[in-house]
Amino acid sequence: MADEANSLEDLKELTEGGKGAAGGEAGAEVIHAAEVIETVTAEPVIDSQGRSYATGKRKNAIARVWIKPGSGKVTVNGRDQEIYFARPVLRMILLQPFEVTDRVGQFDVVCTVKGGGLSGQAGAVRHGISKALTYYEPALRSALKGEGFLTRDSRAVERKKYGRAKARRSFQFSKR
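Residues numbered from 1 in each chain as written. Predicted model: local features only at pLDDT ≥ 70, side-chain atom pairs only at ≥ 80, totals over all residues. Heavy atoms only, no water.

K.L.:
Before we move on, could you go through the overall build of the chain and cite the residues and values that matter?
P.N.:
A count of helical and extended segments in the chain gives six helices and five strands. Starting at the N terminus and ending at the C terminus, the chain contains elements arranged as α-α-β-β-β-β-α-α-β-α-α. A buried classification covers 28% of the 176 residues belonging to the chain. Taking all contacts inside the chain whose residues are at least 6 apart in sequence as the whole, residues at least 24 apart take part in 63%. Carbon and sulfur atoms form 52% of the exposed surface of the chain, whose accessible area is close to 12100 Å². (Helix = DSSP H or I, 4+ residues; strand = E, 2+ residues; numbered from the N terminus. Buried < 20%, exposed > 50% of the residue type's maximum accessible area, 1.4 Å probe, protein only. Contact = heavy atoms within 4.5 Å. Areas by Shrake-Rupley, 256 points an atom, 1.4 Å probe, with all protein chains shown as cover.)

Written out as structure tokens, the structure is:
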């Protein structure tokens, strides 16, 4: 181990001289790859109308979400969010990504939701809004990822099994 390299410059000299551990060519490829590594920033994904699109999912609900800069209006299936999601808890779920990223009232949201119930649909819209925000402003990804908004919640209703009353519940036992 007399020929120990401590920096990239030392490795360059070793590979140029043909004294690399894996031979001249393989060592040169490793050096080249090390020089190319740099911080890669994601580019915003915005369509011609200035919107970002994402799909959100939760339980059996699927939401298609478009966001664009605006006054903070949220439209779900052609209706205002106060009408579609009557419960305040569901409206709170929709606004969570904006509150975490300090973007409340800066984006208009238009979405269509299919399948599932209202709770699943609200979760799907939140997932879609979070993904669309990261497409519009990639710098917000770490904040949304830390809160778990970019992870699809895979919990769903367990299927009913044969020989059982429900998914896990047995039929009532009768001793006599």
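K.L.:
Quick rundown of the pattern of salt bridges? Include the residues and the values.
P.N.:
In this structure the tally under the stated criterion is six salt bridges. Salt-bridge contacts for Asp-47 lead to Arg-51; the nearest nitrogen and oxygen are separated by 3.2 Å. You can call Asp-47 partly exposed: its relative accessible area is 32%. In this structure, a network of salt bridges that share partners links the residues Arg-58, Asp-153 and Arg-155. (Salt bridge = Lys/Arg side-chain N within 4 Å of Asp/Glu carboxyl O.)

K.L.:
Account for the environment of Ser-154, with residues named and values stated.
P.N.:
One can find Ser-154 in the segment after helix H6 (141-147). The sequence separation of Ser-154 and Lys-57 amounts to 97 residues, and the corresponding C-alpha distance is 8.7 Å.

K.L.:
I'd love a proper account of the side chain of Arg-103, names of residues and values included.
P.N.:
Examined against the element boundaries, Arg-103 turns out to sit in the loop between helix H4 (88-100) and strand S5 (107-114). Within the structure, Arg-103 has its side chain in polar contact with the side chain of Glu-137 (distance 2.8 Å). Not counting the four nearest positions on each side in its chain, Arg-103 is found in contact with Phe-98, Glu-137 and Leu-140. (Polar contact = N/O pair within 3.5 Å; in protein donor to acceptor, adjacent residues only side chain to side chain.)

K.L.:
I'd like to hear about the environment of Ala-165, residue by residue, with values.
P.N.:
Residue position: Ala-165 is located in the segment after H6. Exposure remark for Ala-165: the relative accessible area of 31% places this residue in the partly exposed category. Not counting the four nearest positions on each side in its chain, Ala-165 is found in contact with Lys-160, Ser-170 and Phe-171.

K.L.:
A description of the packing of aromatic side chains should follow, citing residues and the corresponding values.
P.N.:
One pass over the structure, following the stated rule, counts four aromatic pairs. A ring pair is formed by Phe-98 and Phe-107, whose centres lie 6.3 Å apart and whose planes are at 20 degrees; its orientation type is stacked. Using a relative accessible area of 4% as the deciding quantity, one classes Phe-98 as buried. Both rings, one in Phe-107 and one in Tyr-136, keep their centres 5.2 Å apart while their planes meet at 85 degrees; by these two values the pair is edge-to-face. Of this pair, Phe-107 sits in strand S5 while Tyr-136 sits in helix H5 (residues 118-136), and the two are 29 residues apart along the sequence. As far as burial versus exposure is concerned, Phe-107 and Tyr-136 are alike and both buried. (Phe/Tyr/Trp six-rings, centres within 6.5 Å; stacked < 30°, edge-to-face > 60°.)

K.L.:
Give a description of H5 that names residues and reports values.
P.N.:
Residue pairs spaced three or four apart in an α-helix point in one direction, given the helix's 3.6 residues per turn. Counted at 1.5 Å a residue, the expected span for H5 with its 19 residues is 27 Å, and the 26 Å between its end C-alpha atoms agrees. Within H5, 14 of the 19 residues are buried, which leaves it mostly tucked inside the rest of the structure. (Expected span 1.5 Å × (residues − 1).)

K.L.:
An account of unusual backbone geometry is needed here, citing residue identities and associated values.
P.N.:
Peptide bonds are, in most cases, trans, and in most cases residues other than glycine have a negative phi. One non-glycine residue, Asn-77, lies in the positive phi region at around 50 degrees. Summarising the element assignment, Asn-77 is placed in the loop between strand S3 (74-76) and strand S4 (79-80). Residue Asp-102 is not a glycine yet carries a positive backbone phi of 55 degrees. Its location among the elements puts Asp-102 in the loop between H4 and S5. On the basis of relative accessibility, which here comes to 59%, the residue Asp-102 falls in the exposed class.

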